[in-house]
Amino acid sequence: MSPTTTTVTITNSPPTRISTWSRIRTSPAVLAGVAICFTLIVLAVLAPWIAPYDPNRQGLGIQLADPSGAHWLGLDSFGRDVLSRIIWGARISLWVGVVATLAAMLVGSTIGIIAGYFGGTIDRVITMLTDILLSFPQLVMGLLLVAVLGASLTNIILAIAVTAAPAFIRLARGSTLAMRERDFIDAGRALGFSDMRIMFVHVAPNILDEIIVMGSLWVATAIRTESTLAFIGLGVPPPTATWGGIIREGFEFLNDNYLLAVFPSLAILITMIALNLIGDGLRDATDPRAPQ
């Protein structure tokens with residue numbers, strides 16, 4: 001009796017995998033956040049043409065006027081148009097938030113990759129310094145730096161970048177520690193690649209998504225910090241319009257016209273919500289544990 005041979009045909013049908021970019025494009029949170037941020041950027045860039053009035057033009061005898069057809073958000077204590085000042089203030093807030101965060105991302109991620117890749121004494125020293133910086137509350141550190149350096153746009157950006165960099169150092173270091181044990185890193189070493197090439201051509205691109213997600217969230221934190229510094233008098237000197245400075249002026253006249261402090265606060269709130277929507281959406285889209 002000849003043995004019976006059974007042929008089994010297996011059809012491999014790989015599951016449909018939704019790419020990260022597709023998840024980002026179809027995320028309602030990301031789309032809503034991007035739409036709001038895009039609108040704010042357009043307002044900031046086109047402020048000289050969109051703002052109905054000169055933000056520093058004063059009006060005598062019409063201070064603290066309520067919203068009207070001529071002045072949609074009213075006038076401040078110097079008779080300046082609040083809407084125009086909020087539109088111009090978006091320039092400062094967005095510029096500080098984006099530039100400070102980009103500087104912190106660049107410097108902090110570079111230091112973190114170096115620490116995680118080489119390890120040893122370099123890693124211990126960088127980790128110790130990072131822990132010392134992280135032990136200070138961000139706002140307190142920002143206050144100290146601005147108080148020492150002086151209140152100017154450049155110094156505010158520098159202060160916020162210094163306070164944000166330790167978070168990026170820690171993130172990049174942890175991701176690099178896990179990445180340097182991967183097989184393709186060992187293969188690169190075997191092929192004689194330099195440490196510089198391995199770190200910034202092979203390691204950095206593979207941890208970039210995590211850094212970008214954190215960066216989108218830190219832009220919101222940077223804007224909030226700048227507004228706080230302006231509120232306590234350590235922001236960009238007047239008469240330059242900033243959201244925190246407008247809130248500070250309005251806070252002094254809450255009994256006369258509370259809306260003067262409410263409108264710029266809403267601008268900050270909307271910006272925070274938009275940036276956090278983008279950050280949360282990017283985090284979900286790049287999460288490897290997310291359903292495919």
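Here the structure is a predicted model, which means the values were calculated and not measured.

K.L.:
Teacher, can you tell me more about the overall build of the protein here?
P.N.:
For the protein, the count of helices and strands is 11 helices and 0 strands. In the protein, the order of α-helices and β-strands from amino to carboxyl end is α-α-α-α-α-α-α-α-α-α-α. For 292 residues, the compact-globule estimate of 2.2 N^0.38 gives 19 Å, and the C-alpha radius of gyration of the protein, at 25 Å, exceeds that figure by more than 25%. C-alpha extents for the protein along the principal axes are approximately 110 × 50 × 30 Å. Scored against the burial criterion, the 292 residues of the protein give a buried share of 41%. Across the protein, every contact between residues at least 6 apart in sequence was considered, and the portion connecting residues at least 24 apart equals 73%. Summed over all atoms, the accessible surface of the protein reaches about 16000 Å², with 67% contributed by carbon and sulfur. Across the protein, 18 positive and 19 negative side-chain charges occur, with their mean positions spaced 6 Å apart.

K.L.:
Would you mind showing me how to read the packing of helix α2 (residues 28–45) against helix α11 (residues 259–286) here?
P.N.:
Working note: a packed helix pair is described by the angle between its axes plus the distance between those axes. Between α2 and α11, the shortest axis-to-axis distance is 8 Å and the interhelical angle comes to 140 degrees. Looking at the two axes, α2 sits oblique to α11. The handedness of the crossing between α2 and α11 comes out as left-handed. Only Ile 270, Thr 271, Ala 274, Leu 275, Leu 277, Ile 278, Gly 281 and Leu 282 of α11 make contact with α2, whose side of the interface consists of Ala 29, Val 30, Ala 32, Gly 33, Val 34, Ile 36, Cys 37 and Leu 40. When the residues that make up the contact of α2 with α11 are grouped by side-chain class, the tally is 13 nonpolar, 3 polar and no charged.

K.L.:
Got a minute to help me understand the side chain of Thr 242 in this structure?
P.N.:
Along the chain, Thr 242 falls in the loop between α9 (195–231) and α10 (243–251). A polar atom in the side chain of Thr 242 sits 3.0 Å from the backbone nitrogen of Gly 245. In this structure Thr 242 touches Gly 89, Ile 92, Glu 226, Ala 230 and Val 236, once residues within four positions along its chain are discounted.

K.L.:
Which parts of the structure should I look at to understand the environment of Tyr 53?
P.N.:
Counting through the fold element by element, Tyr 53 comes out in the loop between α3 (47–50) and α4 (82–118). The contact partners of Tyr 53, leaving out residues within four places of it in the chain, are Ala 70, His 71, Asp 81 and Ser 84.

K.L.:
What exactly am I supposed to notice about the pattern of salt bridges here?
P.N.:
Any two side chains of opposite charge can pair, given that their charged atoms come close. Tallied over the full model, the rule gives 8 salt bridges. Here Arg 85 makes a salt bridge to Asp 76, at a shortest N to O gap of 3.9 Å. On the accessibility criterion, Asp 76 (1% relative accessible area) is buried. If you follow the salt bridges from partner to partner, you end up with Asp 76, Arg 80, Arg 85 and Glu 249 in one network.

K.L.:
Looking at this structure, how should I read helix α5 (residues 120–134)?
P.N.:
Residues spaced three or four apart along an α-helix point in a common direction, a consequence of the helix completing one turn every 3.6 residues. End to end, α5 covers 21 Å across 15 residues, agreeing with the expected 21 Å (1.5 Å per residue, within 8%). If you check which residues of α5 are buried, you get Asp 123, Ile 126 and Thr 130. Down the axis of α5, the buried set is contained in an arc of 75 degrees. They therefore lie on one face. Residues of α5 that are exposed and point over 90 degrees away from its buried face: Thr 121 and Arg 124. Each element contacted by the buried residues of α5 is listed here: α4 and α7 (153–179).

Each value, and the rule that gives it
Residues numbered from 1 in each chain as written. Predicted model: local features only at pLDDT ≥ 70, side-chain atom pairs only at ≥ 80, totals over all residues. Heavy atoms only, no water. Helix = DSSP H or I, 4+ residues; strand = E, 2+ residues; numbered from the N terminus. Rg over C-alpha atoms; globule rule 2.2 N^0.38 Å. Buried < 20%, exposed > 50% of the residue type's maximum accessible area, 1.4 Å probe, protein only. Contact = heavy atoms within 4.5 Å. Areas by Shrake-Rupley, 256 points an atom, 1.4 Å probe, with all protein chains shown as cover. Lys, Arg positive; Asp, Glu negative; His and termini not counted. Charge placed at Lys NZ, Arg CZ, Asp CG, Glu CD. Axes fitted to C-alpha atoms, helices over the stretch in contact; angles between N-to-C directions. Parallel < 35°, antiparallel > 145°, perpendicular 65-115°, else oblique. Left-handed = near helix turned anticlockwise from the far one by under 90°. Nonpolar A, V, L, I, M, F, W, Y, C, P; charged D, E, K, R; others polar. Polar contact = N/O pair within 3.5 Å; in protein donor to acceptor, adjacent residues only side chain to side chain. Salt bridge = Lys/Arg side-chain N within 4 Å of Asp/Glu carboxyl O. Expected span 1.5 Å × (residues − 1). Arc of directions from axis to C-beta.

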